[in-house]
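Structure assessment
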Amino acid sequence: MSKKGAADCCGKGAGARQHHHHSARGGEGGPPLSLAQAKKAFMGLVERLRSPADARSLASWVSNLFDEEEENPAAETLHTIAAELRAQLPLDANAPGEHVVYPQTGDNSECTAANTVHVDGFLYDDDEVDVLVDEGKLTRALCTACGSRATQPLNFISHSMSIAQLEHLYGTVLPDLDGLTLVDVGSRLGAVLYAGHCLSTASKLIGIELNAFFCELQRGVIARHNMGDRVQIVQGDVQDHGALLREADVIVFNNVFQFFASVEQQQALWRFVRAHTRPGCMIVSVPALETALADAKSDVALTGWVQREPVEETGDEDLDALCLYTTDPE
């Protein structure tokens, strides 16, 4: 996902059901709030403050307010895994010899090798990116005329969900996954799978990954953190694993094809996916399927295949990029 706004935000789907999870108890002034509603309300208060100094003071107060609260073991585990992977991977988190295909269509068509920086969202949050910039390991702008002030912002691209997005995925976007099977197509570093183990009771979390390097990397994490009871990595092209797609109750597509396949290959992949998803399956897509299919110039029609589910907006572009669909019943 490009940090310059290439991600598509989810809208409201007509006639679809709303999922509410991890709701917080409201006060006397109103009904209980979901996590997304609470975040939106809090940001509304922050925006009304008189100065940035007041905003920083409020943030410090909130942080201190919860200092004594019980630690979140799931978040701790995910941060630990991210730190382990940072030590094993180069800054761009690409596999040795990995070939990146820069899109020729859609919002990301402006991305090139010269103006695009790959910063994995699972490994580096915004604060950590700021540190890398301060240390001179990253830059945010490209000089278009060397030695002058003619610069343009660089595109920051991530091929993984951030920890905040993963918490939103399992806490708000998806319903209770108890006993269900989730398949992550193009699991890469495995972030969706590790978070599923920590944050859900899904019975199976299966990653399909073409790259052998990433498969071994994921298997190492799974072994070290005792996740093999529910997490499995399958190496290969998704087109060789239609049975796994048909088995899935949830399928995740996170920027999975656009930077790694030609337009023609993407068209074939989406036709395969369309033919191998069972009725009633949930699909989570970043960007929205509408955008992914349009950018691939795909002939796959959403009508007759999926219905878009409403996901409560948070006001956070990265969180709102997670779009939920349910395949039509037979």
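The structure this text deals with has already been given above.
Residues numbered from 1 in each chain as written. Predicted model: local features only at pLDDT ≥ 70, side-chain atom pairs only at ≥ 80, totals over all residues. Heavy atoms only, no water.

1. Let's talk about the packing of aromatic side chains
A full pass over the atoms with the stated rule returns five aromatic pairs. Seen from their ring centres, phenylalanine 213 and phenylalanine 214 are 5.6 Å apart, and the 65 degrees between their planes marks the pair as edge-to-face. With a relative accessible area of 31%, phenylalanine 213 lands in the partly exposed category. For the pair phenylalanine 253 and tryptophan 270, a centre-to-centre distance of 5.2 Å together with 55 degrees between the ring planes defines the contact as tilted. One end of the pair, phenylalanine 253, is in strand 8 (residues 250–254); the other, tryptophan 270, is in helix 9 (residues 263–275), with 17 residues separating them in the sequence. This pair shows no difference in class: phenylalanine 253 is buried, exactly as tryptophan 270 is. Cation over ring: arginine 86 sits above tyrosine 124, and NZ or CZ is 5.9 Å from the ring centre. (Phe/Tyr/Trp six-rings, centres within 6.5 Å; stacked < 30°, edge-to-face > 60°. Buried < 20%, exposed > 50% of the residue type's maximum accessible area, 1.4 Å probe, protein only. Helix = DSSP H or I, 4+ residues; strand = E, 2+ residues; numbered from the N terminus. Lys NZ or Arg CZ within 6 Å of the ring centre and 35° of its normal.)

2. Some remarks on unusual backbone geometry
Backbone torsion omega between valine 286 and proline 287 reads 0 degrees, so that peptide bond is classified as cis. Structurally, the position occupied by proline 287 is in the loop between strand 9 (282–286) and helix 10 (289–295). One non-glycine residue, asparagine 255, lies in positive phi territory at about 45 degrees. Assignment of secondary structure puts asparagine 255 in the loop between strand 8 and helix 9. With phi around 50 degrees, lysine 297 is a residue other than glycine that occupies positive phi space.

3. Looking at the nonpolar core
Nonpolar side chains in soluble globular proteins generally cluster together in the buried interior. Judged by nonpolar contacts, the single largest core of 51 residues is most densely connected at Leu85, Phe122, Leu174 and Leu182. When contributions to this core are tallied by element, the ones reaching two or more residues are helix 3 (73–88), helix 4 (126–134), helix 5 (163–173), helix 6 (191–199), helix 7 (212–224), strand 7 (231–235), strand 8 and strand 9. Look past the residues within four positions of leucine 85 in its chain and what remains in contact with it is Phe122, Leu123, Leu189, Tyr194, Leu217 and Val221. Ranked by size, the runner-up nonpolar core spans 31 residues in total, among them Val256, Ala261, Ala288 and Ala296. (Core = buried A, V, L, I, M, F, W, Y, C linked by side-chain atoms within 4.5 Å. Contact = heavy atoms within 4.5 Å.)

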